[in-house]
Amino acid sequence: MMKREDEMNGNDNKYEKAAEWIAGAKNAAAFTGAGISVESGIPTFRGPTGLWSRYDPQILDLRYFYEHPLESWKAIKEIFYDYMGAKARPNAAHRFLAELERRGILRGVITQNIDNLHQEAGSGNVVEFHGTAQKLECTACRKKWEFTEELLSSLPPRCPDCEGLLKPDFIFFGEAIPPEAYRRSVELCEKADLLIIVGTTGEVMPASMIPFEVRGRAKVIEINVEPSRYTEELSDIFLQERASVAAKELARRVGIDGIG
């Protein structure tokens, strides 16, 4: 019983300190991964129940996509548009970060996710490190199109202007990170006085290196259900909890209502 009470007191102190840091931040940034969207109904890719246990990862290999566009697009449509796009909605963690931005505390979110949930929650400055499923790019003329059901009415989808093959505007295996996304991510970290890491194990390169840009510059709060590579190497406060649960507790202590 004494150990359990000590754990509870320790967690309470962590939340109190984290809330103080958040309330006092002037240039906070957030770095998010798949774990923030799990509670919105979006499964992770890795792990025993991840998407790669049901789909072949080669559907997102750039060479395979060009050689077998119909096969790739059948799976892509099912995963990212029929399933994720139709069912996923922002949760309390997304809304918490959006409210911090609205209050002038958070300057931007760097996300590895392609699900658009930060924007739907109200975040304005979102750096989509791996791109987005909300746009399609023509592989011939390079024009980008906002996603519509009509564009995917026949597969593989074709550019309305030139009939070139359309590709989701997110990073495939074999593609480089867009330079502008990398630049903006580094800039946010270089100016940050606080970094909030949510729902990422820190295993996917080169995104995993971005949080280390704040080392020696900013305090770091990490929210994850399990320890990550950041827990010992970078984080000052580790809140071991689901993203929405931790967000609601931090919101309460900061004085934010209505995030769900």
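Details of the structure are given in the entry above.
Fair warning: this is a prediction, and the values are worked out from it, not measured in the lab.

**Student:** Looking at this structure, how should I read the nonpolar core?
**Tutor:** Membership of the largest hydrophobic core comes to 31 residues, with the highest contact counts inside it found for Ile22, Phe96, Leu97, Leu100, Leu239 and Leu250. Contributions of two or more residues to this core are made by helix H1 (2-24), strand E1 (28-32), helix H4 (92-102), strand E2 (106-111), strand E7 (194-198), strand E8 (219-224), strand E9 (237-240) and helix H8 (243-254). Ranked by residues supplied to this core, first place goes to H8 with six residues. When near neighbours in sequence (up to four residues on either side) are disregarded, leucine 239 contacts Lys14, Tyr15, Ala18, Ile221, Glu222, Ile223, Asn224 and Leu250. Core analysis: the next-biggest nonpolar cluster, separate from the first, contains 23 residues, Leu136, Cys159, Leu166 and Phe172 among them.

**Student:** Help me understand the sheet that holds strand E5 (residues 144-146), please; the structure alone is not making it clear to me.
**Tutor:** Two orientations exist for strands paired in a sheet by backbone hydrogen bonds: parallel and antiparallel. Spatially, the three strands line up as an open sheet ordered E5-E4-E6, and their pairing is antiparallel. Two strands in the sheet have a free side with no partner beyond their single neighbour: E5 and strand E6 (166-170). Neighbour to neighbour, the strand axes of the sheet diverge by 40° on average, direction disregarded. Strand direction decides the pairing type here: strand E4 (residues 131-138) and E6, joined by four bridges, are antiparallel. Across the sheet, the residue bridging to glutamate 137 is lysine 167, located in E6.

**Student:** For this particular structure, what's the right way to read the packing of aromatic side chains?
**Tutor:** Any two aromatic rings considered together are summarised by their centre-to-centre distance and by the angle between their planes. For the coordinates displayed, the defined rule picks out nine aromatic pairs. Pairing phenylalanine 170 with phenylalanine 172 gives two aromatic rings, centres 5.6 Å apart and planes at 20°, and the pair type is stacked. You'll find phenylalanine 170 and phenylalanine 172 in the same group, each marked buried. By the ring-pair criterion, three or more aromatic residues cluster together here, those being Phe65, Tyr66, Phe80, Phe170 and Phe172. Across from the ring centre of tryptophan 21, 5.5 Å away, lies the NZ or CZ of lysine 219, which sits over that ring.

**Student:** I keep staring at the side chain of histidine 118 and nothing clicks. Help me out?
**Tutor:** With respect to the helices and strands, the residue histidine 118 is situated in helix H5 (residues 117-121). Within polar-contact distance, the side chain of histidine 118 engages the side chain of threonine 32 at 3.0 Å. Excluding residues within four positions of it along the chain, histidine 118 makes contact with Thr32, Ile36, His94, Leu97, Val109, Thr111, Ser123 and Val126.

**Student:** How do you make sense of the packing of H4 against H8 when you look at a structure like this?
**Tutor:** Each packed pair of helices is defined by two parameters, the angle between the axes and the distance between the axes. Packing of H4 against H8 brings their axes to within 7 Å, and their N-to-C directions diverge by 40°. For the element pair H4 / H8, the angle class is oblique. Residue-level inspection shows Ala92, Ala93 and Phe96 of H4 in contact with H8, the latter providing Ala243, Ser244, Ala247, Lys248, Leu250 and Ala251. Looking at the contact of H4 with H8 residue by residue, the classes come out as seven nonpolar, one polar and one charged.

**Student:** Which parts of the structure should I look at to understand H8?
**Tutor:** The periodicity of an α-helix, 3.6 residues per turn, causes residues three or four places apart in sequence to face the same way. Taking 1.5 Å of rise per residue, 12 residues should cover 16 Å, and H8 covers 16 Å from first to last C-alpha, within 8% of that figure. For H8, every residue scored as buried is listed here: Ala243, Ser244, Ala246, Ala247, Leu250, Ala251 and Val254. Summarising the axial view, the buried residues of H8 lie within an arc of 160°, below the 170-degree limit, and thus occupy one face. Glycine 255, located one to two residues past H8, shows a positive phi value of around 95°.

**Student:** Hey, could you run me through the environment of serine 72 in this one?
**Tutor:** Examined against the element boundaries, serine 72 turns out to sit in helix H3 (residues 69-87). The class of serine 72 is buried, set by a relative accessible area of 0%. Separated by 14 residues in sequence, serine 72 and glutamine 58 have C-alpha atoms that sit 8.2 Å apart. In this view, serine 72 contacts Ile59, Tyr64 and Phe65; residues no more than four positions away in its chain are not counted.

Procedures and definitions
Residues numbered from 1 in each chain as written. Predicted model: local features only at pLDDT ≥ 70, side-chain atom pairs only at ≥ 80, totals over all residues. Heavy atoms only, no water. Core = buried A, V, L, I, M, F, W, Y, C linked by side-chain atoms within 4.5 Å. Buried < 20%, exposed > 50% of the residue type's maximum accessible area, 1.4 Å probe, protein only. Helix = DSSP H or I, 4+ residues; strand = E, 2+ residues; numbered from the N terminus. Contact = heavy atoms within 4.5 Å. Pairing = 2+ DSSP bridges. Axes fitted to C-alpha atoms, helices over the stretch in contact; angles between N-to-C directions. Phe/Tyr/Trp six-rings, centres within 6.5 Å; stacked < 30°, edge-to-face > 60°. Lys NZ or Arg CZ within 6 Å of the ring centre and 35° of its normal. Polar contact = N/O pair within 3.5 Å; in protein donor to acceptor, adjacent residues only side chain to side chain. Parallel < 35°, antiparallel > 145°, perpendicular 65-115°, else oblique. Nonpolar A, V, L, I, M, F, W, Y, C, P; charged D, E, K, R; others polar. Expected span 1.5 Å × (residues − 1). Arc of directions from axis to C-beta.

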